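# Residue-level structure breakdown
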Amino acid sequence: VTVMECPDAGALPAVAPLRARTAAVVMSHHFGRDTDYVRALLATNIAYVGVLGPRARTERMLAELATRGDAPPDSGALFGPVGLDLGGDGPEAIALAIIAEVSAVMHERDAAHLRGRAAGLHATAPES
């Protein structure tokens, strides 16, 4: 895991490899910069763009982008607020919720209890 700050959202592709299996979580505590990060990230083909913070903040970012004529396509890659509803408080619980959501997205799974899964846990070849 690499943590970095890139002050210019337009430079993100040059600073970090943004590939189909890339996940990014945005929160610099600067609304304008975060809005630019979200726009830049959604313009790529990465699988996951999470926005840390309240839903209203993410909605405000999208409204700002629409006002500027920069509304990103609805790729399904945007997750805001970020993370699964696992319960718990504090930074460790938030981190776990985010990582769990990223894992589910990368494996194209709905996050659900395994006890409710009828199929095996691992992909297997269909029986003939």
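Placed above this text is the structure.
Reference entry: report on the structure contained in this document. Bear in mind that the values here come from a model prediction, so they are computed numbers and not experimental data.

### Notes on the sheet that holds strand E3 (residues 78-79)
Pairing is parallel across the open sheet formed by three strands, whose spatial order is E1-E2-E3. Each edge of the sheet is formed by a strand with only one pairing partner; in this case those strands are strand E1 (23-26) and E3. Relative to strand E2 (residues 48-51), E1 runs parallel, the two sharing four bridges. Bridging across to E2, Ala23 finds its partner in Tyr48. Helix H2 (residues 31-42) contacts E1, E2 and E3 of the sheet and is inclined by roughly 165° relative to E1.

### Re the side chain of Thr22
Structurally, the position occupied by Thr22 is in the loop between helix H1 (12-15) and E1. Within the structure, the side chain of Thr22 is placed 3.3 Å from the backbone oxygen of Pro17, a separation counted as a polar contact. From its side chain, Thr22 meets the backbone nitrogen of Arg19 in a polar contact 2.8 Å long. In this structure, Thr22 is in contact with Pro17, Ile46, Ala47, Tyr48 and Met106, ignoring residues within four places of it in sequence.

The rules behind each value
Residues numbered from 1 in each chain as written. Predicted model: local features only at pLDDT ≥ 70, side-chain atom pairs only at ≥ 80, totals over all residues. Heavy atoms only, no water. Pairing = 2+ DSSP bridges. Helix = DSSP H or I, 4+ residues; strand = E, 2+ residues; numbered from the N terminus. Contact = heavy atoms within 4.5 Å. Axes fitted to C-alpha atoms, helices over the stretch in contact; angles between N-to-C directions. Polar contact = N/O pair within 3.5 Å; in protein donor to acceptor, adjacent residues only side chain to side chain.

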